[in-house]
Amino acid sequence: MLKKHFVLYTLYFISTIIILYGLGYTKDWDNKNIIVAFMFFFGYLFGARSKYTLIILLISFSILSIYFPTGIIYGKPTAAILEPLLQTNKLEIIGYLLAIRYKILLSILFILIQILIYKCAKYHIKGNNYIVNIIFVIIYIISLFGISIKNYQFNDDAFLKNSISSLKTIHAHKKEFQESIQDDSDIKIKSKIDYNDDTEIRIVVIGESVRKDYMSVYGYPNTTTPFLNNAKGIFIDGLVSAGPSTNTSLNRALFKVSPDENNIQWGVNFVSLANKSGYETYWISNQGTEGWGDDVFYGLSKLATHSNFLKQGGFTSEDHDDDEMLPILSRVINVNSKNKVIFLHMMGSHEPVCSRIGTYKPNFSTNNEAGCYAATIEKLDTFIKKITEIVRNKRYKLMYFSDHGLSVAKNRSYHDVELYEEYQVPLFYLDSNIDKHIYIKKSLSGLNLIDIYSTFINIKSNVTNEKYNFNLANKIPENSDPLIYWEKYKHISSIQKKQKPITNLQSKLELKNVIKLKDNYSFSNKCISYIENINIAFPSVPHIYKIHGWMATADHKEPISETVGSFIVNDKKVLFVEGEHELRPDVHMYFNLGANIGNDYGLVAFLDRKFVKKKNSIYIGYKDDSDHYYICQKLNQ
């Protein structure tokens, strides 16, 4: 009998340890959790005295074990952890299953232990003691839901309490966005600014990934903006993007923001301001309708009188040229005689930048990444020129700004959230009534773009500041150290890393040697990878291909620190070509890791086209210090 009790108590102890580990308590350990451990252990002790409480333990704890793989990786449930698990994105599902592959064995082991506890304990039940059952219920509730008495909280981050509050938070955020974005009741239009303004068409062009220092109109020595160099309008040098990515920037540029409260007023936005002022509004986009942040802009577009998306999925779902928006623009400007505000959301210079050139023929060589980036700027210049040609017989105003910039090197371009130039973006205004080219040096925050926009559409409102006016740009309040947002609000002066624009665009890329592997490689389930593009790297060098993607450890979703590269795998041989790390803050945000984890998830590799016979034969992975090569599992297969 003593031996049987010892075995049973040992199972209780093992189960308690597994619960603490699986539910994420050990991920963020606090000494107070020792008491929680005792609660779980005593829950077993008292629960084993009744058949009914034993069944409760068996069923409920087995259900809890479904969370164990997630708890081991991420810790206790929070809104940030649970929200991605509720999405249906293919990448998310496959990535999650690969990440938990072996950790789910702990759940299976735990369930088997619960069955064993049930079978062993039921033979020791002696009657039904109601007092014991009551004690069990109290312990059970406290261990999973916590308790609060007179502001004293015990087990405040209990699993089910956390889960319920997190689900409520997720639901509240979603509901807040869906409801608030359509609620323009906070907007009160006071008056027009200029009652003699007879503008028919107002166009807002939202650029993508454009640094101002690659535009010759802002001083770049190569002529990338021949049209804008002499265009009649106002060019402001000094706009600081609110964030280093599309979502962080545009969520704080197109919507009213209260930085002190870290609050976005979804109902106060570019489209609602125009709607409430009596304009007919159009949203034309070459970005996506779903994906990482696309849903916010899709929701915003639905506020417009009319909306048109070239892509029906995420922003990478289809490949459309920005010029495909121009025929739509041409149609809508003549639909009727109503005054219109038209939004054009570009793909612009979004990486991979060489893929954005399309059939456009730039006036200089594009044999490296910096050359391609400069070509996309020249293509932007042509795009703006084409818009002005379409509306040349109309009284129009055009406002352009970009969401953020990029880090640009000769062999790659990428996001670098700690780069000063990532936040230095163009802002200009063209007007059919302006007869000169005006250049103004003025430091501005992207958080004030909604103020500038309100005067652009000729209104004064209770939620915007009419001092921010293109026509009075010299009098705009100077903001020498604007706020930016990356994980938290901070001043641009906190960004110290700088990068001069590349002006010599003629140098050629040197390919790395292709190594034939023998038996020093293996397919690995310890890392996951996602190949985004395998295309011609540079339009003027069609025999060089670029492999662009990212990889992470399968368990903790951390970046790979070893030598990275691409693999060509076929029946007869396996080849490896070394690549370079690339910073990918978007992947970092997607996995929702802390600031102490780096952003270098990305990989860029170049190789001769002769090796790319079948794109599905290309993999990415890494080499460790012992010269063993690991081929990571693909998420896009």
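From a predicted model like this one, the values you see are computed outputs, not experimental measurements.

S.K.: Would you mind showing me how to read the environment of Met346 here?
M.R.: Of note, Met346 is situated in the loop between β10 (340-345) and α14 (369-390). For Met346, a relative accessible area of 3% corresponds to the buried category. Sequence separation between Met346 and Met325 is 21 residues; the distance between their C-alpha atoms is 8.8 Å.

S.K.: Looking at this structure, how should I read the sheet that holds strand β20 (residues 521-538)?
M.R.: For sheets, the rule is that strands pair by backbone hydrogen bonds, running either parallel or antiparallel. Strand order in the open sheet made by the nine strands is β19-β23-β22-β26-β27-β20-β21-β25-β24, with mixed pairing throughout. At either end of the open sheet lies a strand with only one pairing partner, and these are β19 (514-517) and β24 (580-582). Across the sheet, the axes of successive neighbouring strands diverge by a mean angle of 40°, strand direction being ignored. Alignment of strand β22 (residues 563-569) against strand β26 (residues 618-623), held across six bridges, turns out to be antiparallel.

S.K.: Where do I start with the pattern of salt bridges in this structure?
M.R.: Should the charged atoms of two oppositely charged side chains come close, the side chains can pair. For the structure on display, the rule yields 17 salt bridges. Linking Asp213 and Arg211 is a salt bridge whose minimum nitrogen-to-oxygen distance equals 2.7 Å. Of the two residues, Asp213 and Arg211, neither departs from the other in class, the shared state being buried. Linking Lys512 and Glu578 is a salt bridge whose minimum nitrogen-to-oxygen distance equals 3.7 Å. With Lys512 in the loop between β18 (489-491) and β19 and Glu578 in strand β23 (residues 574-578), this pair connects stretches of sequence that are 66 residues apart. Among the residues examined, Lys512 registers a relative accessible area of 38% and is labelled partly exposed.

S.K.: Looking at this structure, I do not really get the side chain of Ser349. What am I missing?
M.R.: Turning to its location among the elements, Ser349 is positioned in the loop between β10 and α14. Exposure remark for Ser349: the relative accessible area of 1% places this residue in the buried category. Here Thr376 takes part through its side chain, which lies 2.7 Å from a polar atom of the side chain of Ser349. Contacts of Ser349, omitting those with residues within four sequence positions, involve Glu208, Ser209, Val210, Arg356, Tyr373, Thr376, Ile377 and Leu406.

Each value, and the rule that gives it
- Residues numbered from 1 in each chain as written.
- Predicted model: local features only at pLDDT ≥ 70, side-chain atom pairs only at ≥ 80, totals over all residues.
- Heavy atoms only, no water.
- Helix = DSSP H or I, 4+ residues; strand = E, 2+ residues; numbered from the N terminus.
- Buried < 20%, exposed > 50% of the residue type's maximum accessible area, 1.4 Å probe, protein only.
- Pairing = 2+ DSSP bridges.
- Axes fitted to C-alpha atoms, helices over the stretch in contact; angles between N-to-C directions.
- Salt bridge = Lys/Arg side-chain N within 4 Å of Asp/Glu carboxyl O.
- Polar contact = N/O pair within 3.5 Å; in protein donor to acceptor, adjacent residues only side chain to side chain.
- Contact = heavy atoms within 4.5 Å.

None of the figures reported here should be taken as evidence of function without further support.
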